[in-house]
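Listed here are the chains, written in short residue letters.
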Amino acid sequence: MEDTTDRIARPWGARAPYGRHETWPTRVDTFLAQGVGPGAVQRWVQSASILHSDGDAMDVAVADGRMVGVRGRHADRVNRGRLGPKDLFGWQANASRDRLTRPLVRRDGRLVETDWDTAMDLVADRSRALLDSRGPGSIGFYTSGQLFLEEYYTLTVLARAGIGTHHLDGNTRLCTATAAEALKETFGCDGQPGSYDDFDHADVIALFGHNIAETQPVQWMRILDRLEGADPPRLLCVDPRPTRVAEHAAVHLAPRVGTNVALLNALLHETIRHERIDRDFIAAHTVGFEELAARVADCTPEWAAEICDVPAARIEEAAELVGTTDALVSTVLQGVYQSHQATAAAVQVNNLHLIRGMLGRPGAGLLQMNGQPTAQNTRECGANGDLPGFRNWQNDAHVADLAEVWNVEPETVPHFAPPTHAMQIFRYAEQGSLRMLWISGTNPAVSMPELSRMRSILSQERLFTVVQDLFLTETAQLADVVLPAATWGEKTGTLTNADRTVHLSLKAVEPPGEARPDLDIFLDYARRMGFKDKDGGPLITWDGPESAFEAWKRCSAGRPCDYTGLSYAKLRDTSGIQWPCHDRAPEGTARLCTDGIDWAHPDVCESYGKDLETGASQEVVEYRSLNPDGRAMLKAAAYLPPHEEPDEQYPFQLTTGRTLYHFHTRTKTGRAPQLNDAAPDVWVEVSAPDAERLGLGEGDLVEVAGRRGSLRGRLRVTGIRPGLLFVPFHYGYWDTGGGSGPGPDTPGRAANETTVTDWDPVSKQPLFKTAAAALTLVERGDGRPSPAPTTTASEPVAAAVPPTSGGPAARTTEREPAAFPHGPEEGAR
């Protein structure tokens, strides 16, 4: 069937109920530009979404060399033809009039257009000069969660074996680093144990800090369809906001921000106390149960209730829900990953599954979710600083194996210390030891914490900054060289989603002007630098996406993320295959840990683990003594208070997050008319009791001030827990005429003006959900509502707010996407 509802007003579309253990029905979602009928489409080209981590498969409609629409791929295992609002409408940004079409270089403080040779020679010359004068540690790379596998792998090889730098990370550090680290801490290696298909079989679905309705909307459609079918699942929602998930939950817990470990320890306490555990599974497949049981012995629901500010009875209900089911699926996302004790909390969710034996079978699955579309590729290819193929930087045999794949000497591969995480890379730039930073496909001038500090770092004269992107972002305005990149639909490559499903995305149209695929830019740089292997041949031997994919397959062989059974031809014939895919699993692997724990043995594991409180790395001797047989590790953690607590001056907790209609810093979704109209500007959420106490109302212009900066936005009064403020992080300055950010002592628009420079000690993921803030009135709204959507977790308590609408039934595609307010020469330092 085809859904034709307004997909802004009804973002999850029509229901297709199905029962437990049944197959999710197909529903093909299609959106074509106004005036384009199905008969006008000349070609449909295979692709997948890069606007969230679902990995929704789609076909791109092409007419007269232009993208004119999309439709879901009905045969795909991930979405069965469905598309979310960002899928349906986000493609329009590709044709925005303010796309970068020529390279820019800074001359006399201004960005001016130039040719590719001039720009790339400038980058290569500066690289060689720094290598000669300061060594490889003076150069760093900060990449994205939106490129393709082939691009990440090429970047990793040129950065690690070509430059020889330790300073390589992705903005996946902001969203999914904790997912990777939690899997390493428990299972010895990255790689999702579960599958999206587990939603079809689960009896209970527990969502910890995961607003799946807005971050993975197609999987929420799947859950909604099950909720209306036979034998529906029961939901546990742990979230301080009244999300759509919370509305459908059997139990909703809204804990005080920063107290996840206390809550999870109480759930573990109750599970063990009531003997709701699988002792045979624990004995056969885990180590550390006695220590875990002892650590949580005193973590009663009453104890946790005091810390979390939720009723003890509700904690007991949640514990019974997850403790008595025969098929539990748990998902985890930013409410855990970007909060205090992030890895420690995520590991406790792993522990819950292990002590219940809820792994490796349909409906018993664990999904440490990703926040970005190609975050899994960043991690497996090593573009997050780890070694490619989930190799262990502390294991000399792993380093030697990688060196053999690259045909370099082992000492060429930097492995003398842990990889440099993003926050430390920017710290080195701030201190002056790092003098060149190449930023590809991300916008740290809006997405990183404490933005005044980020702008100060990126504005340094001594830092040579290269930005590779689609638009003149806030970050690009501060760069020395700006390289115009192609995006999905304009290039070919593969991408892997949160449940290990690999999709092929084919080039459908030409990129605008002189924009180039990221892969071509990296290959051009490698050629100009003349990187060589140990025999004097070229270090990078591939020349396009398919040959790069074949090179990656060789690197992945025999590792957990084995791609050797995949090929472009095979991915064209099917529509998404889960790794590992090799000769023993030629059609891919639905679930890991089906016959024990696969990659935790000391000889093969990706990591020897870290201390959950300090982040200190363990050595192989300690790991081998604790886990000689390679079992899953039950790691306990004590609750510790957050580093920044509310006080008299800053009485609120502040959390940031996402909305359904936007992705990252809106550089794409803000240029899609329907998405922008649905959520056009920043807002501030406050609880009804707090609003009444402060004399504030819907639509009032308010200022949120913290210890590092402030922002202004219109107030939305919601059912959020009292004492908490929520601000969406998507909004920067590119569409306000504000350049790269506000002036000194001027309130901003970006949520991260206020967030703290702090990170989880284990995953090094920044903590965007732990700041303290004050809320004050700037001016009355006079009946003007907040720009927040009414269809999502930002639903107002006031009934008079006009409902959000504007999908296919109210198309506005005849309107040109908003152009950048300034020309390319604006935004001088």
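The structure presented is a predicted model; accordingly, all values stated were derived computationally and were not measured. Counting from 1, residues in each chain are numbered in the order their sequence is written. Local features in a predicted model are, by the rule used here, given only for residues with pLDDT of at least 70; side-chain atom pairs are given and counted only at 80 or more, and totals for whole chains, interfaces and linings are based on all residues. The basis for every side-chain value is the complete set of non-hydrogen atoms in the structure, without hydrogens or water.

## With respect to the nonpolar core
Definition in use: We define the nonpolar core as a collection of buried residues of types Ala, Val, Leu, Ile, Met, Phe, Trp, Tyr and Cys that are connected through side-chain atoms lying within 4.5 Å of one another. The cut-offs for exposure are 20% and 50% of the maximum accessible area for each residue type, with area from a 1.4 Å probe on protein chains only; residues under the lower value are buried, those over the upper are exposed, and the others partly exposed. Two residues qualify as a contact provided that any one of their heavy atoms is within 4.5 Å of a heavy atom in the partner residue.
Ranked by internal contacts, the top residues of the largest apolar core, which has 217 residues, are F208, L236, W438, Y525 and L775. In this view, L775 contacts F652, V684, V686, L694, L696, V702, E703, V704, L715 and L725; residues no more than four positions away in its chain are not counted. Among the nonpolar cores identified, the runner-up in size contains 29 residues, and L111, A429, A445 and Y733 belong to it.

## So, the pattern of salt bridges
This is how it is decided: In what follows, salt bridge is the name for a side-chain nitrogen of Lys or Arg lying within 4 Å of a carboxyl oxygen of Asp or Glu. To qualify as a helix, a DSSP run of H or I must reach at least 4 residues; to qualify as a strand, a run of E must reach at least 2; elements of each kind are numbered from the N terminus.
In total, this model carries 59 salt bridges according to the counting rule given. Between E685 and R241 there is a salt bridge, and its shortest N-O distance comes to 2.7 Å. With a gap of 444 residues between them, E685 in strand β23 (residues 683-687) and R241 in the loop between β10 (234-238) and α7 (244-248) connect regions that are remote in the sequence. Both residues of the pair, E685 and R241, count as buried. Ionic pairing is found between E795 and R244, a salt bridge with its closest N-O pair at 2.9 Å. Taken together, the residues span a long stretch of sequence, with E795 in the segment after β27 (771-779) and R244 in helix α7 at a distance of 551 residues. Among the ionic contacts, a cluster of salt bridges with common partners joins R77, D197, D200, R222 and D499.

## A look at the sheet that holds strand β15 (residues 436-440)
Rules: Pairing between two strands requires that DSSP report at least two bridges joining them. Interaxial angle, 0 to 180 degrees, is taken between N-to-C directions of lines fitted to C-alpha atoms, where a helix line uses only the stretch in contact.
On the basis of which strands lie adjacent, the open sheet formed by seven strands has the order β6-β5-β17-β16-β15-β7-β8 and mixed pairing. Each edge of the open sheet is held by one strand with a lone partner, namely β6 (110-113) and β8 (168-170). Neighbour-to-neighbour, the strand axes of this sheet turn through a mean angle of 20°, independent of strand direction. Two elements, strand β5 (residues 104-107) and strand β17 (residues 481-484), share two bridges in a ladder whose sense is antiparallel. Along β17, the bridge assignment pairs V105 with V481. Contacts from helix α2 (residues 116-133) reach β5, β7 (139-143), β15, β16 (464-469) and β17, with the element oriented near 130° to β17.

## Some remarks on the side chain of S575
Stated formally: Identification of polar contacts relies on pairs of N or O atoms within 3.5 Å, with a donor-acceptor requirement for protein atoms, meaning one able to donate a hydrogen and the other able to accept it, and with residues adjacent in sequence counted only if both atoms are side-chain atoms.
Position of S575 among the secondary structure elements: in the loop between α22 (568-573) and β20 (577-578). Within the structure, S575 has its side chain in polar contact with the side chain of D76 (distance 2.8 Å). Among residues more than four places away in sequence, those in contact with S575 are A57, R73, D76 and H503.

## Observations concerning the sheet that holds strand β19 (residues 501-505)
One open sheet holds the three strands; their spatial order is β18-β19-β20, and the pairing between them is antiparallel. The open sheet is flanked by β18 (493-496) and β20, the only strands paired with a single partner. Relative to β20, β19 runs antiparallel, the two being bridged by two bridges. Bridging from a neighbouring strand, V502 pairs with I577 of β20.

## Observations concerning helix α20 (residues 518-529)
Stated precisely, the cut-off is as follows: Multiply 1.5 Å by the residue count of a helix minus one, and that product is the helix's expected span.
The end-to-end C-alpha distance of α20 is 17 Å, a good match for the 16 Å that twelve residues give at a rise of 1.5 Å each. Along α20, nine of the twelve residues are buried, which leaves the element largely enclosed by surrounding structure. Looking at the packing, one finds that the buried side of α20 touches α2, α3 (149-163), β15, β16, β17 and α21 (545-556). Of the residues one or two after α20, G530 is the one with positive phi, at around 65°.

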